[in-house]
Amino acid sequence: MTVAAPTFDLVVVANRLPVDRVVDTDGNNTWQRSPGGLVTALESVMRGRDAAWVGWAGEPGPAPAPFREEGIHLQPVGLSHLEIEEYYEGFSNDTLWPIYHDVIVPATFHRAWWSTYRVVNHRFAQAVADVAAPGATIWVHDYQLQLVPAMVRAIRPDVRIGWFNHIPFPPVELFSQLPWRRALVEGLLGADYLGFQRVADAENFLRTCRRMLHMTTRGDTVTFRGVVDGSAGGEGARETERTVRASAIPISVDFHGLEALARTPEVIARAVEIRKSLGSPETLLLGVDRLDYTKGIGHRLKAYEELLRDKAIAAPGTTLVQVASPSRERVEAYRHLRTEVEATVGRINGEFSAIGEPAVHYLHQSYPRDEMAALFLAADVMLVTPLRDGMNLVAKEYISCRYDLGGALVLSEFAGAWHELHQAYVCNPHDIEGLKHTIMAAIQAPADQRRRRMKALRRRVSDHDVQRWASRYLEALALAPDKPDRPDRHLR
Ligand code: F6P
């Protein structure tokens, strides 16, 4: 007797599963929760629900068998070496990522990458269709899976589909550069609801529908009439008319979970130890980023170097810890960035450090949550200076950990987070002089001003935490314009 595969009422689909494979001390394979922002965000809303997560297990080869982890059904999708190269490193992170981040580095266009992106998106869509219960809610995440909404709809018209973009959505002038722009928009319009980080991102999307594809938009909805291809796997083209809502619904962090972690005696003791091991500096500056050219690490280092040169600050009394976690290391722009950042750190340390007292502590590593919480608690000034960032959860994590109302946040106006966190010390990272002033203002601000600001920031993040974000998202998805997909007729 064959046993039917289990199905679920809520299916989350993201490029990555929320776990990484690790080999324990006895040489056994186990799975460990991965440290990424999305994982942290969704984990807290999936636990205790009848939910599945579809995603790539992070290594090349056939998909491992489905398994359960902390109450969630995990359904792996396999990717070959070539697919990782063309779908993940190529189209997702060397074509879409630069276009969606203001072309800070040029985008690369390859037709073969696009073709693999379609094939892989269809594989994800099929995996979702296989585990979705009748009438299920499907929540698709991010730019790697923009064709999945229409592909799932083509296979399973009974389900409700939402998509959330964790990164910015670009202005129509940049989006138009993509040779596959129409297919990407039509892929998204298979959803019932499209969520974005900022109002400007939702507007960019709606403007793209109107200006580039001549669709009718009304308020925050767009009506799409046309032929949906729906297939990399031959589902068949058909005519359709659908109304889709697109609006801003900014993501957040697990405020209370992070605060509780920061309050543990172990984390508090570790924060004290970190400061001590840095020589008990008067001012500890901290940067925590994936090593990505969007994060403005170079601009931050330049400002720091100039402040040292101007003698506005001096090491080791003022010290910078820069955590730069390894990311997308096979993509050329990321390799180049690493070389540049490490040369700059070397130059600053060569000029401004004494033996045993580096001016910059550079850590090209990833750390577990408790170590990050200790670092946040230890830092006097947190530097979040991206050139473009969908949200930047590090800013919100820092605030969540500062239950003591200590610390100050320097925040770029180009981070999505800035639209909610106006009490931060705001900067334009392109303006090095302005950035230096803002860093100094944060360092020198009277304690009561810093406390007042931190209190306001904490109120915002506590009221708008990730649990609230997820329930608001699912509510918006449930209420999205209930105009049924009208498959008027199937085309041959
Ligand atoms: O911000 C977008 C995002 O895809 C996150 O969801 C993820 O945590 C981060 O970038 C790193 O992505 P990658 O899977 O490429 O390591």
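(A) Molecular detail of the nonpolar core. The biggest cluster of nonpolar side chains holds 98 residues, and the ones touching the most others in it are Phe124, Ile138, Leu189, Leu194 and Phe205. For this core, the element with the highest residue contribution is helix α3 (residues 111-131), accounting for 9 residues. What Phe205 contacts, discounting residues up to four positions off in sequence, is Phe169, Val185, Leu188, Leu189, Leu194, Phe196, Val222 and Ala246. Listed in part, the 69 residues of the second largest apolar core include Val45, Val323, Phe376 and Leu409.

(B) Here's a closer look at the site of the ligand. Around the ligand, a shell composed of 10 residues is seen, among which Arg16, Tyr88, Asp142, Gln144 and Arg328 lie nearest. Contact distances for the ligand include 2.5 Å between an oxygen atom and a side-chain N or O atom of Tyr88. In the environment of the ligand, an oxygen atom lies 2.8 Å from a nitrogen or oxygen atom belonging to the side chain of Arg328. Relative to its unbound accessible area of 390 Å², the ligand is 78% covered by the protein chains. In terms of residue class, the shell around the ligand is built from 4 nonpolar, 2 polar and 4 charged.

(C) Layout of the pairing of strand β14 (residues 318-325). Burial of β14 is extensive: 8 of the 8 residues sit out of reach of the surface. Residues Thr318, Leu320, Gln322 and Ala324 of β14 are buried on one face, and the alternating residues Thr319, Val321, Val323 and Ser325, pointing to the opposite face, are buried as well. As paired strands, strand β13 (residues 283-290) and β14 are joined by 8 bridges and run parallel to one another. In the strand pairing of β14, Thr283 is matched with Thr318. Each parallel crossover has a hand, and the one from β13 via helix α10 (residues 297-309) to β14 is right-handed. Across 4 bridges, β14 lies against strand β15 (residues 360-363) in parallel orientation. Within the sheet, the bridge partner assigned to Leu320 lies in β15 and is Val360.

(D) Representation of helix α7 (residues 199-212) within the structure. Between its terminal C-alpha atoms α7 stretches 19 Å, which fits the 20 Å expected from 14 residues at 1.5 Å a residue. Here α7 has its buried residues at Asp201, Ala202, Asn204, Phe205, Leu206, Thr208, Cys209 and Met212. At the C-terminal side of α7, His214 shows a positive phi close to 55 degrees.

(E) A look at the packing of helix α2 (residues 81-100) against α3. The geometry of α2 relative to α3 is characterised by a closest axis approach of 8 Å and an angle of 110 degrees between their N-to-C directions. Relative to α3, α2 is oriented roughly perpendicular. Packed against α2, whose contacting residues are Glu83, Glu86, Tyr87, Gly90, Phe91, Ser92, Asp94, Thr95 and Leu96, the element α3 presents Ala112, Trp113, Trp114, Thr116, Tyr117, Val119, Val120, Asn121, Arg123 and Phe124 at the interface. Across the contact of α2 with α3, the residue classes break down as 10 nonpolar, 5 polar and 4 charged.

(F) Quick look at the confidence of the model for the protein. Residues of the protein with pLDDT of at least 70 account for 93%, and the chain-wide mean is 93. Contacts of residues 484-492 to residues separated by more than four positions or lying in other chains number 20 contacts, the stretch itself having pLDDT below 50.

(G) Inspection of the packing of helix α8 (residues 255-262) against helix α12 (residues 369-378) at higher detail. Packing of α8 against α12 leaves a shortest axis separation of 9 Å and a crossing angle of 75 degrees. Comparing their axes, α12 and α8 come out roughly perpendicular. Each of Leu258, Leu261 and Ala262 in α8 lies in contact with α12, whose residues at this interface are Arg369, Asp370, Ala373 and Leu377. Here the residues of the contact of α8 with α12 sort into 5 nonpolar, no polar and 2 charged.

Parameters and conventions
- Residues numbered from 1 in each chain as written.
- Predicted model: local features only at pLDDT ≥ 70, side-chain atom pairs only at ≥ 80, totals over all residues.
- Heavy atoms only, no water.
- Core = buried A, V, L, I, M, F, W, Y, C linked by side-chain atoms within 4.5 Å.
- Buried < 20%, exposed > 50% of the residue type's maximum accessible area, 1.4 Å probe, protein only.
- Helix = DSSP H or I, 4+ residues; strand = E, 2+ residues; numbered from the N terminus.
- Contact = heavy atoms within 4.5 Å.
- Near = heavy atom within 4 Å.
- Polar contact = N/O pair within 3.5 Å; in protein donor to acceptor, adjacent residues only side chain to side chain.
- Areas by Shrake-Rupley, 256 points an atom, 1.4 Å probe, with all protein chains shown as cover.
- Nonpolar A, V, L, I, M, F, W, Y, C, P; charged D, E, K, R; others polar.
- Pairing = 2+ DSSP bridges.
- Right-handed = clockwise from strand over helix to strand, strands pointing away.
- Expected span 1.5 Å × (residues − 1).
- Axes fitted to C-alpha atoms, helices over the stretch in contact; angles between N-to-C directions.
- Parallel < 35°, antiparallel > 145°, perpendicular 65-115°, else oblique.
- pLDDT = per-residue confidence, 0-100.

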